[in-house]
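# Coordinates in review
Each chain, letter by letter, is given below.
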Protein chains: 2
Amino acid sequence: MSKAPQTHATRRGGRAARRSKRVGTAPPQLPFIHRQVGVYTLLDEEGLELIERNADAILKEVGMEFRDDPEVLQIFRDAGADVQGERVRFETGMCRSIIQATTPRVFRQHARNPDRSVDIGGDSTLFCPSFGPPFVHDIERGRRYALMEDFENFTRLHHILPAVHHSGGVVCEPQDVPVPERHLRMIAAHLRLNDKPFMGAVTAPERAEDTVAMAKIAFGHEFVENNCCIYSVSNSNAPLVLDATMVGALKVYARHNQAVVVSPFILAGAMSPVTVAGTLAQLLAEALAGLCLVQLVRPGAPGVFGTFASPISLQTGAPTFGTPEGMQIQFCASALARRLGVPFHSVGALTASKVPDAQAAYESAMQLQAAFLAGVNFIIHATGCLEGLLTLGYEKTIMDADRCAALQAFAQGVDLSSEAQALDAIAEVGPGNHYLGCDHTQRNFETAFFRSETADNGTFEQWSADGSKWQHERANETWKRMLNEYERPPMDEAVDEALEDFIQRRLGELSRQSG
Amino acid sequence: MSKAPQTHATRRGGRAARRSKRVGTAPPQLPFIHRQVGVYTLLDEEGLELIERNADAILKEVGMEFRDDPEVLQIFRDAGADVQGERVRFETGMCRSIIQATTPRVFRQHARNPDRSVDIGGDSTLFCPSFGPPFVHDIERGRRYALMEDFENFTRLHHILPAVHHSGGVVCEPQDVPVPERHLRMIAAHLRLNDKPFMGAVTAPERAEDTVAMAKIAFGHEFVENNCCIYSVSNSNAPLVLDATMVGALKVYARHNQAVVVSPFILAGAMSPVTVAGTLAQLLAEALAGLCLVQLVRPGAPGVFGTFASPISLQTGAPTFGTPEGMQIQFCASALARRLGVPFHSVGALTASKVPDAQAAYESAMQLQAAFLAGVNFIIHATGCLEGLLTLGYEKTIMDADRCAALQAFAQGVDLSSEAQALDAIAEVGPGNHYLGCDHTQRNFETAFFRSETADNGTFEQWSADGSKWQHERANETWKRMLNEYERPPMDEAVDEALEDFIQRRLGELSRQSG
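Heads up: these notes are all about the structure in this document. (Residues numbered from 1 in each chain as written. Chains lettered and ligands numbered in written order. Predicted model: local features only at pLDDT ≥ 70, side-chain atom pairs only at ≥ 80, totals over all residues. Heavy atoms only, no water.)

### What to know about the environment of R144 of chain A
Residue and element names in this part refer to chain A. Here R144 lies in strand β9 (residues 142-145). Note on R144: relative accessible area 19%, which makes it buried. Between the alpha carbons of R144 and A494 there is a distance of 36 Å; along the sequence they are 350 residues apart. For R144, the contacting residues outside a window of four places in its chain are P134, F135, V136, D138, D150 and Y394. Within the structure, the side chain of R144 is placed 2.8 Å from the side chain of D138, a separation counted as a polar contact. (Helix = DSSP H or I, 4+ residues; strand = E, 2+ residues; numbered from the N terminus. Buried < 20%, exposed > 50% of the residue type's maximum accessible area, 1.4 Å probe, protein only. Contact = heavy atoms within 4.5 Å. Polar contact = N/O pair within 3.5 Å; in protein donor to acceptor, adjacent residues only side chain to side chain.)

### What to know about the layout of surface pockets
Its boundaries defined by the atoms lining it, the largest pocket holds a volume of some 1,000 Å³. The wall of the largest pocket is formed by 40 residues, among which A405, A409, F449, F450 and R451 of chain A lie closest to the centre. Those elements giving two or more residues to the lining of the largest pocket turn out to be α14 (394-410), α15 (418-421), α17 (439-448) and α19 (471-485) of chain A together with α11 (276-297) and α12 (324-340) of chain B. Here the element with the most residues in the lining of the largest pocket is α14 of chain A; it accounts for six residues. (1 Å grid on protein atoms, 1.4 Å probe; cavity = no way out; pocket = protein on both sides within 12 Å on 5 of 7 lines; lining within 4 Å. Points joined across faces, edges and corners; volume = space filled by probe spheres on them.)

### Describing the pairing of strand β11 (residues 230-234) of chain B
Residues and elements named next belong to chain B. Burial within β11 is extensive, with five of its five residues counted as buried. As defined by bridge partners, strand β10 (residues 198-199) adjoins β11 across two bridges and the pair is classed as parallel. Bridging from a neighbouring strand, F198 pairs with I230 of β11. Two elements, β11 and strand β13 (residues 259-262), share four bridges in a ladder whose sense is parallel. Residue S232 lies in a different strand from β13, and its bridge partner there is V260. (Pairing = 2+ DSSP bridges.)

### So, the packing of aromatic side chains
Evaluated as defined, the whole model comprises 28 aromatic pairs over all chains. Judged by centre distance (6.5 Å) and plane angle (35°), the rings of Y40 of chain A and F410 of chain B are tilted. With Y40 of chain A in the loop between β1 (33-34) and α3 (45-62) and F410 of chain B in helix α14 (residues 394-410), this residue pair bridges two chains. By relative accessible area, Y40 of chain A is classed as buried at 1%. Under the relative-accessibility criterion, F410 of chain B is labelled buried at 2%. Through pairs of rings, three or more aromatic residues link up here, namely Y40 and F331 of chain A together with F372 and F410 of chain B. The side chain of K480 of chain A reaches across the aromatic face of W479 of chain A, ending 5.9 Å from its centre. (Phe/Tyr/Trp six-rings, centres within 6.5 Å; stacked < 30°, edge-to-face > 60°. Lys NZ or Arg CZ within 6 Å of the ring centre and 35° of its normal.)

### So, the interface of chain B and chain A
At the junction of the two partners, chain B supplies 112 residues and chain A supplies 112 residues. Both sides together, the interface formed by chain B and chain A hides about 9,400 Å², and carbon and sulfur atoms give 70% of it. For chain B, the biggest contributors to the area lost against chain A are Y362, P431 and F449 of chain B; these three give 9% of the whole. Joining chain B to chain A, the criterion identifies two salt bridges. At the junction of chain B and chain A, the tally comes to 38 residue pairs in polar contact (both at pLDDT 80 or more). Sort the elements by how many residues they give to the side of chain B that touches chain A and helix α13 (residues 358-374) of chain B lands first, with eleven residues. Considering only residue class, the side of chain B that touches chain A consists of 63 nonpolar, 32 polar and 17 charged. (Buried area = accessible area lost by both parts, 1.4 Å probe. Salt bridge = Lys/Arg side-chain N within 4 Å of Asp/Glu carboxyl O. Nonpolar A, V, L, I, M, F, W, Y, C, P; charged D, E, K, R; others polar.)

Structure, rendered in structure tokens:
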């Protein structure tokens, strides 16, 4: 792992000191995960090499289209690619060698609270909320369009939830905020309401510039130019297309040395072949071309290999989640990213269910656990997804976050210390007795086992006496209590005002442009 | 893998031919799983050796107690163990060498329908229903004592569910059948209502003998003595005790060459140390002693290493399920069984939840998927568990079985054939187009992706129009439909009558004994 850069807190002297004093009021938070356990692999080296050869063949013979962006075509032409119209073809190994020459294997994304900065890549894993839903759901009000109030509520919950390591980006689409203003309000909310790392706007190059500008207000100009403070996701339009919007944002972030995930978005069977092996080759080709572009724009900028690949139902065309093939693709793509030597980003607790029912939980648990065991570094959509990311659920967020915490405990691995081996305890207790009162148990029970915050493990009688609540009913109480107890993390008043000034100035400019 | 024995069907000529003609009416059934994918390992060889050394130390220094069974103590004395009172201590490596000398690495358990026989061990995996719940639950009637009608209903459902490979044993405890009669009625139901393999009674040696006698009526005397037709589980009473009841049944089955699982039942923190490493050493010690006894009773009898290990809540003492530590224990124990060279049996979709809610699904999915990825050969409690096995759920059975089917699809691995690589399709479709109509999709879509029977993947609008049903509501409709459509598998009338005669004769004997 590359040496972590000095944090902005340590650089900024008195201000950082003031901040770190106030951090004591923050809710207890788990740091990002340093995995003490291995990964599960599905394909052997020979199989992975086959996929790589096929991706190379696709890049050489079919190529990628980069639409409506002559600058990008020129960048590729200058680098030696074969550019014909908007189609770019690459000699075997070209993308890989450019990527491997300068892409960091691990980088740190800084958070406003330096204790919550995260390392991305290598043996680290972190859980990030869902991205993109236009609707929200809770069990009392049902499904409805997301409002800015919801966006803020979720950003507060993510601030509190201890195994959610990231504030995310478009955690839901606040429909009551006009589109030109939306990214400004969302970024301000991430910076003000949550002190974990966040994601930048990707819907237009100028919105990416706005994100960078606002990050500089919060982190300082120099700090942002020299450190990663923004994480962004460019989805390719499978098959084999990157459009001007996504590429535009990609260039902005890369030029400012901010992290760019190149994440082919694939509904397998519609946007890729109806097989795992075919889908893998195509998504690797798309990721290679995009990650190559990141390094051509700014060598050394953090580039991340991402995937979002869900098979469609071949009866109805609907996307499906928590499926065997979706998990297979993720296991293999994670191994391909490790072979490439770049961090890997992929999906977590996805479900097609409309409500926080058993389907939602089965599908989410299987995909989330698979993502963890695959060694995904950045697990996006780790909490809250309903309806295939059309809806963000309040109760679902609480329940998923509990499973993130369980996996974080799993990641600590098996303690093989002499104390953990407990041979003395076994000899002391002997056959037929119990361990509840023995010295070893007394010494270790406080830290021994993971404690779920949302599971009911008690007796049927106690559960009945407590109102026979299903888990989503308990989770409903939990998110309301959390919002009641929420405390805004500290922010310098000057920063807070400067953010608002920036937003007002930009809104004025945007209104003059459209007027 | 040892060569599979000739099936009883091929041995029994005309009768088998008549049966196999009728098998056409059976519902579509997935065969047991030949895994095409690898296992996930948590501890490296060094870590596993440490656990083995600790288990050996426990067996040598602390020993196991075999209570109220002088014959067993004599067997161990004759084999060279150190027997003092009921405490038996073993020299380092003694149990292992006795086990490894004669225990089959893989064996076949025969089913009444030879197409449904299963291989246990090696790269095979199968899913078996829950064992032991005194209550049943459905969403309309709630939780209530299990009746024989429930036992029969579940045995019918297990006959139909395609990814459930076993009929199980005490799938629930029929409280309306007197205890002395209960095992007879349950075994008769397994044989009559379900043509998959089944488990034998273990609550008393004479009930084990009854199981063998009834199996002989169904399979033929000679066939049973020469082939495994019954699978049985002996739970040790952790820590480090095997009692006369369990050992008594173990001896009966081993003497008849039927399969015996030695499965330490451990609530970690109460019945074992409050650590994963300590629990692993203890359970390995218990399994080694029990599996050694199986081989001493009858060398070559199928012995299986089993575990049931759930951490307790250290706040309330309640068992917990789907936990990080429970999964860690299972991953490591599976690796220990592979090193020992015997088949491995462990738990699947366990939950503490009282209802088929999200908690039930999260916990069940994570433990079931972990069991599968751990390489467990015989996954018990793969369907139906609620309330930590106090309750068997109708809807839960349907939903869990769907996840078993998903894992069975995952187990097929990634097809790397030229057709699956789909390079021609990728070239044909090209950038920006879709694959829905291309030749490759047309050729492959029927078999391409797993289809869930219980997930709703459609639009919110369609789901609303269909009644906005949660998964447990759809599952309620499914089990009722299945019971309506159920057809009893064929059985020779003479066998059916002989089973009833046997039951009546035994009931008469038992009534005279108690009178």
